[in-house]
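Given next are the chains, with one letter for each unit.
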Amino acid sequence: MNVNSKNSPSSVASAPDRTATRRSVLRGLGVATAAGTAAVCLPAVTAHAAPAGPAARRTRGASGTYALTLVHLGRDGTPTTAYRTLLTALSGPDAGSGRELKDSPSTVTLQVPGGRYVLDASISTKPVGDENWGNDWLVQPRLDVDRDMTVVLDARVARPVDILPPVADARFEQNGVFAEVTYEGVTGFVHLLTMSPDLRVAHLGPAAERGSVRTWVDAYWSRPGGVCALGYAFRGERALNGLVRHPALGDLATLEVRAAASTSGEAAALVSFSPSQGASPALGLPVRPGGTGTFLLTPERGPWDLVYGSPSEPEVPANNYFLLGQSFTPGSTTVHTFDTPVFGPTLDSSHGARPLAQRTGDTLDLAVPLLADGDGHAPSSPRFTASTVTLHRNGTLLATLRGEKPGHARFTVPAGRAAYRLTASATRSRGSVTAAWTFTSAATATATDLPLSAVRFGPDLALDGTAPAHTTSRVAVTVEGAARQSGVRSLTVSVSTDRGATWTPAAVTGGRITVTTPAPGMTVSLRAQLTDVLGNTLTQTHIDAYVTRTATGTR
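Residues numbered from 1 in each chain as written. Predicted model: local features only at pLDDT ≥ 70, side-chain atom pairs only at ≥ 80, totals over all residues. Heavy atoms only, no water.

Visitor: What should I look at first to understand empty space enclosed by the protein in this one?
Guide: Counting across every chain of the model gives three cavities of 30 Å³ or more. The space that makes up the largest cavity amounts to roughly 40 Å³. If you go around the largest cavity, the residues you meet are W137, V139, V177, F178, A179, V201, A202, T215, A239 and L240. Broken down by secondary-structure element, the contributors of at least two residues to the lining of the largest cavity are β10 (134–145), β13 (171–183) and β15 (199–203). Taken together, the residues of the lining of the largest cavity break down into nine nonpolar, one polar and no charged. Taken together, V368, P369, L370, L371, P379, P382, K405, P406 and H408 make up the lining of the second largest cavity. Its residues assigned to classes, the lining of the second largest cavity shows seven nonpolar, one polar and one charged. (1 Å grid on protein atoms, 1.4 Å probe; cavity = no way out; pocket = protein on both sides within 12 Å on 5 of 7 lines; lining within 4 Å. Points joined across faces, edges and corners; volume = space filled by probe spheres on them. Helix = DSSP H or I, 4+ residues; strand = E, 2+ residues; numbered from the N terminus. Nonpolar A, V, L, I, M, F, W, Y, C, P; charged D, E, K, R; others polar.)

Visitor: Can you walk me through the packing of aromatic side chains in this structure?
Guide: Ring pairs (aromatic) are described by centroid distance and by the angle formed between their planes. Evaluation of the coordinates by the stated rule reveals 11 aromatic pairs. Ring geometry for F178 and W216: centres 5.3 Å apart, planes at 10°, overall stacked. Separated by 38 residues along the polypeptide, F178 in strand β13 and W216 in strand β16 (residues 213–223) bring together distant segments of the chain. Classification of F178 as buried rests on a relative accessible area of 1%. Pairing F273 with F328 gives two aromatic rings, centres 6.3 Å apart and planes at 70°, and the pair type is edge-to-face. Remark: F328 occurs in the loop between β25 (320–326) and β26 (333–338) and F273 occurs in strand β20 (residues 269–275); sequence separation between them is 55 residues. There is no split in this pair, since F273 and F328 are both buried. An aromatic cluster is defined as three or more aromatic residues linked by ring pairs; in this entry it consists of F273, F295, W304 and F328. (Phe/Tyr/Trp six-rings, centres within 6.5 Å; stacked < 30°, edge-to-face > 60°. Buried < 20%, exposed > 50% of the residue type's maximum accessible area, 1.4 Å probe, protein only.)

Visitor: Help me understand the sheet that holds strand β34 (residues 444–449), please; the structure alone is not making it clear to me.
Guide: Pairing between the strands of a sheet is mediated by backbone hydrogen bonds and can be parallel or antiparallel. The four strands lie next to each other as β31-β28-β27-β34, forming an open sheet whose pairing is antiparallel. Edge strands, defined here as strands with exactly one partner in the open sheet, are β31 (408–412) and β34. Across the sheet, the mean angle from the axis of one strand to that of its neighbour is 10°, orientation sign disregarded. With four bridges connecting them, strand β27 (residues 357–361) and strand β28 (residues 363–367) associate as antiparallel partners. Note that in β28 the partner of R359 across the bridge is L364. (Pairing = 2+ DSSP bridges. Axes fitted to C-alpha atoms, helices over the stretch in contact; angles between N-to-C directions.)

Okay, structure coming up:
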């Protein structure tokens, strides 16, 4: 979620530093996270302390403003200056902007234009002994300023946010509580982030319009080799008055993230996981090569986003895999394995997927992930040693591109209808992939998908990318892209154990082929030849698709 670029970070008085074993990533918010609490605030304006007695009362002046007096009381009922208060205008001349108060007296008077506002205040309580910092967040989603008025922000009215995971080894890391209020087309966004479990919240004032208030709470715990990510979202007329959620294990979904094993002593991959909808903190989880990270999450929060950051070397662009909008069901277990074979092209033809190969007018645009990993995850910066894309038109070579991101190219071609052969290849430190497509095409008035297909191979491999030698196994074969939509006329798969010098046909039955692996240390190569019902073809070749081993590898 994008936060107004005018926002600037600030924090309430912070608690003593605490060493974090996992990197805390703040997703969608331009803020700094303090050890106690952190908050995003709109631009501050100069505020003044309200004088005592009758002088504190102001009437509407020529400028059309009113006196708004804010009184801040702590958990003990006495005036406090340990607060951060934000007044966000939803109507009037200041609509879409706000005023921040901090480091001010406990009672403050502002001159503000008449109109609708969102008022929120976070009041902190300094810990005693081993106690945690106390954080009370008060939200008034409807504040109609039409006269001089006083609002008392009393921490005593707040109620606990009590969210607990159903596992005993979880350690609290951070909470985020958020509210979006919409009025006459203007939306105000307020929130509080805290690294203390002592969080309380309260609604103040009258209810807003029906459905105009969206609130959500996201709480994160770390545990050995995993993270608990529990989020809850609501829509109504009021902000939250506390929240108690103690889900059972069966109420949650499990996500297992497996990292490819490495023999080069690579660092850990970093996995970030957070809700897709609405801003949220995200707790980064390191996963060692050959290891597994486990997330327990609340499906009812909606879809979730996963970002897997592969281990990278100095001076090498970071490679990330983005799995966005992932939905889960209670009690389910989902497994994603990253950076293992068989590496090859992937073509997502699902509704709403980003176009990967199109023609617009006389331009062909190609952005096929040619080196997606064995689970079909497309890398942002794939590892390769060489890449080539060539385009033939009616048998004549038009262009050759080398060294670009594998599967990516742009060509300008003549307008008339012609037969094309498009070939993309990439070489890795071990193995290579080549995909050659044939199709006919002519100039188009609008962006039109090219009829490209891909074949995915799914052998059962260890995390080091190997299969046991001298064994027979069934390997899944899946068709993606144009042929998946239009239909397959023919599909032939062949296997080689001598790096493509000779090929043996392998019948596809039940969506699988049978492969007998060679001696330890040798490789299996794969080839698919496909024709769709419209006559478009694909020849896809994987040399050294995966390696064989003697002993049982890392599962």
